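Single-letter residue listing:
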Amino acid sequence: MTITKKVVFVAKEDSVEELKALLTTMVSPSRNSNGCLLYDIYQMSDKPTTFVVMESWEGEEALKGHQHSAHYLHYKQKL
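Parameters and conventions
- Residues numbered from 1 in each chain as written.
- Predicted model: local features only at pLDDT ≥ 70, side-chain atom pairs only at ≥ 80, totals over all residues.
- Heavy atoms only, no water.
- Helix = DSSP H or I, 4+ residues; strand = E, 2+ residues; numbered from the N terminus.
- Rg over C-alpha atoms; globule rule 2.2 N^0.38 Å.
- Phe/Tyr/Trp six-rings, centres within 6.5 Å; stacked < 30°, edge-to-face > 60°.
- Polar contact = N/O pair within 3.5 Å; in protein donor to acceptor, adjacent residues only side chain to side chain.
- Contact = heavy atoms within 4.5 Å.
- Buried < 20%, exposed > 50% of the residue type's maximum accessible area, 1.4 Å probe, protein only.
- Core = buried A, V, L, I, M, F, W, Y, C linked by side-chain atoms within 4.5 Å.
- Arc of directions from axis to C-beta.

Break down the overall build of the chain for me, with residues and values.
On a plain count of helices and strands, the chain comes out with three helices and three strands. Ordering the α and β elements of the chain from the N terminus gives β-α-β-β-α-α. For 79 residues, the compact-globule estimate of 2.2 N^0.38 gives 12 Å, and the chain sits close to it at 13 Å. Overall, the C-alpha framework of the chain stretches about 35 × 25 × 15 Å when taken along its three principal axes.

Here it is in structure tokens:
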């Protein structure tokens, strides 16, 4: 069963670029993870402090693998 998630992040005014950089570091390794079907980040043009991450995985096993990866753990630690 495919799992698709939409995650919304809202940065503090003085942390927009920091959050953008952190989220951007997730794109390439996530897309290269086993079972990744989609991984994109969008910054809202009318609310530049708001980011939306859209991700889709082949199933629960692929999502769990992503959540235990080094890049995900780094991201969670920095967030």
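Outline the packing of aromatic side chains, supporting the account with residue identities and numerical values.
One pass over the structure, following the stated rule, counts two aromatic pairs. These aromatic residues form a ring-pair network of at least three members: Phe9, Tyr72 and Tyr75.

With reference to specific residues and values, describe the side chain of His71.
Summarising the element assignment, His71 is placed in helix α3 (residues 70-78). Only 3.2 Å separates the side chain of His71 from the side chain of Ser69, close enough to count as a polar contact. With residues near it in sequence (within four places) discarded, His71 still touches Met26, Pro29, Ser30, Ser33 and His66.

Lay out the environment of Glu13 with the relevant residues and their values.
Tracing the sequence through the fold places Glu13 in the loop between β1 (3-10) and α1 (16-31). Here Glu13 falls in the exposed class, since its relative accessible area comes to 72%. Expressed as a C-alpha distance, the spacing of Glu13 and Thr49, which sit 36 residues apart in the sequence, is 6.6 Å.

Tell me what's going on with the nonpolar core, and back it up with residues and numbers.
Counting 18 residues, the largest nonpolar core has Phe9, Leu19, Leu23, Tyr39, Phe51, Trp57 and Tyr75 as the members making the most contacts within it. Those elements that place two or more of their residues in this core are β1, α1, β2 (36-43), β3 (50-57), α2 (60-67) and α3. If you tally residues by element for this core, the top one is α1, at six residues. Sequence-distant contacts of Leu23, defined by excluding residues within four places in its chain, comprise Phe9, Ile41, Phe51, Val53 and Tyr75.

Requested: an account of α3, with residues and values cited.
Those residues of α3 that fall on the buried side of the exposure criterion are His71, Tyr72 and Tyr75. Seen along its axis, α3 keeps its buried residues to an arc of 100 degrees; they face one direction. Of the exposed residues in α3, those oriented more than 90 degrees away from the buried face are Ala70 and Gln77. Against the buried residues of α3 lie β1, α1 and α2.

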